[in-house]
Amino acid sequence: MQFKHPEILYFLFLLVIPILVHLFQLRRFKKQYFTNVKLLRQLQQDTRKSSTIKKWLLLATRLLLLALLIFAFAQPFFSAKEAKSKENELIILVDNSFSMQAKGNKGELLKRSIQELLESLPDTQNFSLLTNNETFWDVDIKVIQSELQRLDYSALPFELDYLLTQVATKKPNTQKDYIIITDAVATNSKKIEDISKNNEVYFIHPKAENKNNISIENVQLSQILDAFYEIKIDLKSYGTSEEAIPVAVYNNETLIAKSQVAFDKTDKELKINIPKTAFHGKVSLQDNSLQYDNDYYFSISEPKKQNAIVIGTDEKNKFINKILTEDDFIVTNTELAQLNYNKIDEQQTIILNEIAEIPQALATTLLSFYNKGGNIIVIPSQENSIQNLNSFYKKFGSFQFISKIETEKQITKISFSHPLYKNVFEKKITNFQYPKVNQSFTTSGNGLPILQFEDNTNFVVAITNKIGNLYVFTAPINKQNSNLQNSPLIVPTLFNMAQAKNTSKTNTYTIGNNETLVIDAILSKDEVVSITKKDNSFIPQQQIISSKVKLSFGDYPEISGNYDVMQAKNSIQQISFNYPRTESDLNNTNTTIFEKATTVNNVATVLNDLHTKRTDTALWKWFIIGTLLFLLIELLIQKFVK
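Residues numbered from 1 in each chain as written. Predicted model: local features only at pLDDT ≥ 70, side-chain atom pairs only at ≥ 80, totals over all residues. Heavy atoms only, no water.

Draft legend 1. Structural detail: the sheet that holds strand β10 (residues 213-224). Across the sheet, which stays open at both edges, the three strands sit in the order β10-β11-β14 with antiparallel pairing between neighbours. Two strands lie at the open edges of the sheet, namely β10 and β14 (267-275), each paired on one side alone. Within the sheet, the average angular offset between the axes of one strand and its neighbour, ignoring direction, is 25°. Of the pairings in the sheet, the one linking strand β11 (residues 228-238) to β14 comprises nine bridges and is antiparallel in character. Bridging across to β14, L235 finds its partner in K268. (Pairing = 2+ DSSP bridges. Helix = DSSP H or I, 4+ residues; strand = E, 2+ residues; numbered from the N terminus. Axes fitted to C-alpha atoms, helices over the stretch in contact; angles between N-to-C directions.)

Draft legend 2. Layout of the packing of aromatic side chains. Per the counting criterion, the structure on display carries 23 aromatic pairs. Between F279 and F298 the ring centres are 4.9 Å apart and the planes differ by 15°, which places this aromatic pair in the stacked class. Here F298 lies in strand β16 (residues 295-300) and F279 lies in strand β15 (residues 279-285), a separation of 19 residues in the sequence. Look at F279 and you get buried, because its relative accessible area is 0%. Residue F298 is classed as buried on the basis of its relative accessible area, which comes to 0%. Seen from their ring centres, F329 and F495 are 5.4 Å apart, and the 90° between their planes marks the pair as edge-to-face. Separated by 166 residues along the polypeptide, F329 in strand β18 (residues 329-334) and F495 in helix α10 (residues 490-498) bring together distant segments of the chain. (Phe/Tyr/Trp six-rings, centres within 6.5 Å; stacked < 30°, edge-to-face > 60°. Buried < 20%, exposed > 50% of the residue type's maximum accessible area, 1.4 Å probe, protein only.)

Draft legend 3. Molecular detail of empty space enclosed by the protein. In the structure shown here, the tally under the stated rule is three cavities of 30 Å³ or more. Counted as a void, the largest cavity has a volume near 60 Å³. S99, A102, L109, D183, V185, H205, P206, K207, A208, K211, L586 and T589 together form the lining of the largest cavity. Partitioned by chemical class, the residues of the lining of the largest cavity number six nonpolar, three polar and three charged. (1 Å grid on protein atoms, 1.4 Å probe; cavity = no way out; pocket = protein on both sides within 12 Å on 5 of 7 lines; lining within 4 Å. Points joined across faces, edges and corners; volume = space filled by probe spheres on them. Nonpolar A, V, L, I, M, F, W, Y, C, P; charged D, E, K, R; others polar.)

Draft legend 4. Looking closely at the pattern of salt bridges. Within the structure shown, the criterion is met by 14 salt bridges. Across the pair K197 and D194 runs a salt bridge, and its minimum N-O distance is 3.6 Å. Of this pair, K197 and D194 both sit in helix α6 (residues 192-198), three residues apart, which is roughly one turn of the helix. On the basis of relative accessibility, which here comes to 46%, the residue D194 falls in the partly exposed class. (Salt bridge = Lys/Arg side-chain N within 4 Å of Asp/Glu carboxyl O.)

Draft legend 5. Spotlight on helix α5 (residues 160-170). Listed as buried for α5 are L160, L163, L164 and V167. The arc that holds the buried residues of α5, viewed along the axis, is 100°, so those residues lie on one side. On its buried face, α5 is in contact with β3 (89-94), β6 (127-130), β7 (135-139), β8 (176-181) and α6. (Arc of directions from axis to C-beta. Contact = heavy atoms within 4.5 Å.)

Draft legend 6. Main features of the sheet that holds strand β19 (residues 349-353). Strand order in this open sheet of nine strands is β18-β17-β19-β20-β27-β26-β25-β22-β23, and the pairing throughout is mixed. The open sheet has two edge strands, β18 and β23 (436-437), and neither has a second partner. Contacting β19, β20 (375-379), β26 (458-464) and β27 (469-473), helix α8 (residues 360-371) crosses the sheet at an angle of about 145° to β19.

Draft legend 7. Focus on unusual backbone geometry. Y556 connects to P557 through a cis peptide bond whose omega is -5°. Examined against the element boundaries, P557 turns out to sit in the loop between β33 (548-552) and β34 (561-567). The phi dihedral of D138 falls on the positive side, at around 50°, and the residue is not glycine. Residues other than glycine seldom take positive phi values, yet N456 does so here, at roughly 70°. Note on placement: N456 falls in the loop between β25 (448-453) and β26. With relative accessibility at 45%, the residue N456 sits in the partly exposed group.

Draft legend 8. Up close: the packing of helix α3 (residues 109-120) against helix α4 (residues 141-149). Relative to each other, α3 and α4 sit at 165°, their axes nearing to 11 Å. Looking at the two axes, α3 sits roughly antiparallel to α4. As α3 packs across α4, the resulting crossing turns out to be left-handed. When α3 is examined against α4, the residues I114, L117 and L118 are found in contact with a partner set consisting of I141, Q145, L148 and Q149. (Parallel < 35°, antiparallel > 145°, perpendicular 65-115°, else oblique. Left-handed = near helix turned anticlockwise from the far one by under 90°.)

Draft legend 9. Structural detail: the pairing of strand β17 (residues 306-311). Summarising burial for β17: five of the six residues are buried, a large majority. Bridge analysis of β17 against β18 gives six bridges, and the strand direction is parallel. In the sheet register, I309 faces β18, and the bridge partner there is T332. The pairing of β17 with β19 spans four bridges and is parallel. When the sheet's bridge partners are listed, I311 is paired in β19 with L352.

Have a look at this one:
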C-alpha cells in the first residue's frame, strides 16, 4: 500500500491524546467506607468494573476512528498492475473498404463505427488513426471530427500488415494499444500475432445482417457485327438470390438496353447488343446489398484503321493483303531495300515476311518500336541462317532457334485461351483439317505458345513486354512449304496479331492494378496529358516515346467511372476505371487472425478496460467509511454500555 500524501501520517502522534485522557480518567482514588453505604459495596464494585470496560472500549474506538481519519487524508492506494503502460499510445485502425458498405443492425458498418468513435472517445484522449487510404497522427477527436464524418470508402483493400508497418515506422520506440475495427472480409495478417504478444490489441468486428450480394464481374466485347457490338456481361451471385435482378446498359446517361437475370446458379452470363458506335457508359444492376460492384464502366472508341508495314516481296505479300483489308488497315508493302525507317514509328504493326536476312540496323529499330508498344510479326525464310535469326531474337529475351528440321509436321494444337483467339471459336475444336509444314525450326526460350505441332513443338509463339508484342512463326508459310494459307486458321491469327492495339475493344482498367496505356500523342517538352471526368481528375505517370505516350496509372484514380484522356483541352481517348471486386463476398471473413487479440463489441468497452487495468486502486473512501463506522460504534457504546 502506498500514500499520495505520506506527510499526513505524522498526525498519528495525535493518538497520544485519547490515551492521555483515558489514563487521566483511570487515576486511582482513595477508598472510604461509610456505614450507611456498606450494604451497597458489592453493587458499587460491579458498577466500577463495567465502567472500566466501557472506557477501554471507547479508547479503542476513538483510537481507530482517529487513525482511520488520518489514513484517509493521507490517501492510501494500491498501484495498478499495468501502471507502466499508462503512457501507451492509442492506435486505431479502421477498415473503410467497400465491404463496410454492408448494413448492420444500426446502418452501414463504416458509418456506424465512425459514429461510435465520435461518441466514445473523450475530448482529451490523444490517439492516431489509420484507414486504408488516410492517416491521422497524434490527434484528438475534436481535431478530426469533420474528416471522420466525411470519410469515404476506399478501393484499396484493408491491408493490416501494411498499416502495422506504417505505425512501426512512424513510432518505432513506443508501447502501443491497438483498436482494430474491421469486418475481416478478405483480411490476412502475418504480424498481428507478434503485435499481440507485446501490446494490447482489441478487435471490434461489425457484422452485416444481409450477406447476399450480386456483382458485375466483367464486361467485354464478345462479337463485332455489321451494325452492333455484342457485349458479354459476367455476373456473380454471393449467397442466394430468389428474385430476378434488373440489368441496364447506359451510354453516358442514355438508357440503351435493359434485361433481367435470374440466378439459378452462382455465375451468370448475359449478352446484349448495343449500337456499333463510340461508347462511353456503364452496365448497372440493382440489389439490396453492396453498391460499389453494381456498376461496371466501359468505353469503346471509334474504330481506327491500323497502320501496318509488310516487308517482303509483292508475290509473298499477296495473302497478307487479302487478310489485312482496307476496311481495317492502311497497309504499306515494301521490300527491305526500299524500307523507309522513318515511317516505322508511325505504324502499329511491322511484318517481316520471309526476308533472307535481318540487318542489324533494322533489328535495333524494331526493338525500339517494340518497347514503345508496337507489334512485330516475323515469318522466317528458308534462306535465313539460324545465327542471323538468333542475333535478332536475343534482343527480345531468351528465345532462340536451335536447328532446322526437314520433316513434315501437322499443326494440331491451338491455345484457345490466348487473347488472339478470344471470341474466335465457339468451342474448343479437337478435329479439324490440320495445316502442315515441310520444313521448320526447333526453338527454346521464353515464348508463349499460340500454335503447336503434333509433337508439342512450337509453330507460333508470342513474346511481350506488356505494351508491345513479338509474334514468331517457326516455319515459312509460303505455298511451297505449307498449306496454311489455304486454312481458315490463318485469317484470325494474322488479323488479330495486326490489330492487337485496335481501339475496338472495351477500354477498361482496374483501380489499384498499376496498369499501363500507350496512346498516340505528340507532346511538347513540358506538356502532359491528364485523366479527367466531371468531378475528378489526375495526372498519371507518363513517358514520351517518340509519337506515343506511355501512361502508368498506379493506384489512381480513386473513384470509378468514365474518363477522358486530355491533351490540353482536347479529349484524345476515352477510357474507364472500375473498382476491384475483392470485397464482394461478404462471407469471405477471416477472424482467426485475431485469436490472440481481445474481441470486444464497442470502443467504450476498450476504454473502460484500459482505464481499469491502468488506474490505481484508491482506498481513502474505505477509510472514511471505517471512520464513520467507528463513530457510530462509539455512540452505541455511550448509549448502551453502562
